[in-house]
Amino acid sequence: MEEWRNWKHITKLDPDRKITPAIIKQIVETGTDAIWVSGTQNIKKENVTSLLKMLKDYDIPKVLEPAGPTGMVYEGYDWLFIPSVPNTTNSMWINGLHTAWVKKDLAKINWDIVVPEALIILNPNCAAAKITKANTKMSKEDVVATAVAAERYFKFPVIYIEYSGTYGDPAIVKAVKESLKNAHLIYGGGINTKERAAEMGQWASIVVGNTIYENGTHSFINTMRGRLLADMSVLQAKMNKLKKMSKQTANASPAQK
């Protein structure tokens, strides 16, 4: 079962940043849907393993999104999301590292939990963009085309729009969501208020991470409140539609109904 399609609020924890067991406990207790273990710099087996051990007693889905083969471990999580960056010309980040990983660890890989992920990086100032040499100067139409090609031609089940370190353009996220058919859309970047969480949460599963380290758990909890507001907004729209339909059919004959 692809339970990740139902996740709406995902917490991203960086193995290279300090966090306490008490904060992890608070995070889990908010009701966030999953813990996403991922980072860009200084990601090694040792710090990945250490963070996963802190999470092991919690009954919450855990994802490992490795930055490369050096940070790969094979226990302590439920899903292995493997990113490819479609908006770079550096093939190492499209399929190069992936081939090297499979060649090295083929016998260890549990393909049942592997989820290919098209990671579209759009913040030129973030570490991921600089390392992968991602083309971040993309129009809305460019991003939509990249996402649709990733979904329909390359068959990626997950499209991840990454603005790490800054808040992205909601119009782009909305346009991508409206263009996808089956792929699941994830958004990450600058989610540090309930308003931002509610806005992006209309169109994508949101990933919240930096605010934990920069602003504390109070800010993080507000993002959870915002994601719930997005759900309420969707439900209200459905209620309004049904109310309108009910009025339109109130005096209709049984055949028309």
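Bear in mind the structure is a predicted one, so any value in this text is a computation, not a measurement.

1. A closer look at helix 3 (residues 96–105)
Piece 1. Within the sequence span of helix 3, burial applies to His-98, Trp-101 and Asp-105. The arc that holds every buried residue of helix 3, seen down its axis, measures 65 degrees, which confines them to one face. Of the exposed residues in helix 3, those oriented more than 90 degrees away from the buried face are Thr-99, Lys-103 and Lys-104.
Piece 2. Residues of helix 3 that are buried sit in contact with strand 4 (79–84) and strand 5 (114–121).

2. A few points about empty space enclosed by the protein
Piece 1. Under the definition given, this model contains 1 cavity of 30 Å³ or more.
Piece 2. For the largest cavity, the full set of lining residues is Pro-15, Val-37, Ser-38, Gly-39, Ile-43, Val-48, Leu-64, Glu-65, Pro-66, Ala-67 and Gly-71.
Piece 3. Of all the elements in the fold, those that place two or more residues in the lining of the largest cavity are strand 2 (34–38) and strand 3 (62–65).
Piece 4. Of the residues contributing to the lining of the largest cavity, the split by class is 7 nonpolar, 3 polar and 1 charged.

3. Brief notes about the nonpolar core
Piece 1. Leu-13, Leu-80, Ile-159, Val-176 and Tyr-187 are the most contacted members of the largest nonpolar core, which has 75 residues in total.
Piece 2. Take this core: its biggest share by element is 6 residues, from strand 5.
Piece 3. Leave out the neighbours within four places in its chain, and Tyr-187 touches Tyr-160, Ile-161, Tyr-163, Thr-166, Tyr-167, Gly-168, Val-173, Met-200, Ala-204, Ser-205, Ile-206 and Val-207.

4. A short note on a nonpolar patch on the surface
Piece 1. Together, Met-239, Leu-242 and Met-245 make up an exposed nonpolar region whose accessible area comes to about 320 Å².
Piece 2. Along the chain, Met-245 falls in helix 9 (residues 217–249).
Piece 3. Look at Met-245 and you get partly exposed, because its relative accessible area is 41%.

5. So, the environment of Lys-56
Piece 1. Its location among the elements puts Lys-56 in the loop between helix 2 (45–55) and strand 3.
Piece 2. Sequence separation of Lys-56 and Gly-39 is 17 residues, and the distance between their C-alpha atoms is 19 Å.

6. Observations concerning unusual backbone geometry
Piece 1. If you check the backbone angles, Lys-133 has positive phi at about 55 degrees while not being a glycine.
Piece 2. Turning to its location among the elements, Lys-133 is positioned in the loop between helix 4 (127–132) and helix 5 (140–153).
Piece 3. Residue class for Lys-133 comes out exposed when judged on its relative accessible area of 59%.
Piece 4. Its identity as a non-glycine residue notwithstanding, Lys-155 has a phi of 65 degrees, on the positive side.
Piece 5. Given a relative accessible area of 61%, Lys-155 falls into the exposed group.

Calculation notes
- Residues numbered from 1 in each chain as written.
- Predicted model: local features only at pLDDT ≥ 70, side-chain atom pairs only at ≥ 80, totals over all residues.
- Heavy atoms only, no water.
- Buried < 20%, exposed > 50% of the residue type's maximum accessible area, 1.4 Å probe, protein only.
- Helix = DSSP H or I, 4+ residues; strand = E, 2+ residues; numbered from the N terminus.
- Arc of directions from axis to C-beta.
- Contact = heavy atoms within 4.5 Å.
- 1 Å grid on protein atoms, 1.4 Å probe; cavity = no way out; pocket = protein on both sides within 12 Å on 5 of 7 lines; lining within 4 Å.
- Points joined across faces, edges and corners; volume = space filled by probe spheres on them.
- Nonpolar A, V, L, I, M, F, W, Y, C, P; charged D, E, K, R; others polar.
- Core = buried A, V, L, I, M, F, W, Y, C linked by side-chain atoms within 4.5 Å.
- Patch = residues over 30% accessible without salt bridge, like charges linked within 9 Å, V, L, I, M, F, W, Y side chains within 5 Å.
- Areas by Shrake-Rupley, 256 points an atom, 1.4 Å probe, with all protein chains shown as cover.
- Salt bridge = Lys/Arg side-chain N within 4 Å of Asp/Glu carboxyl O.

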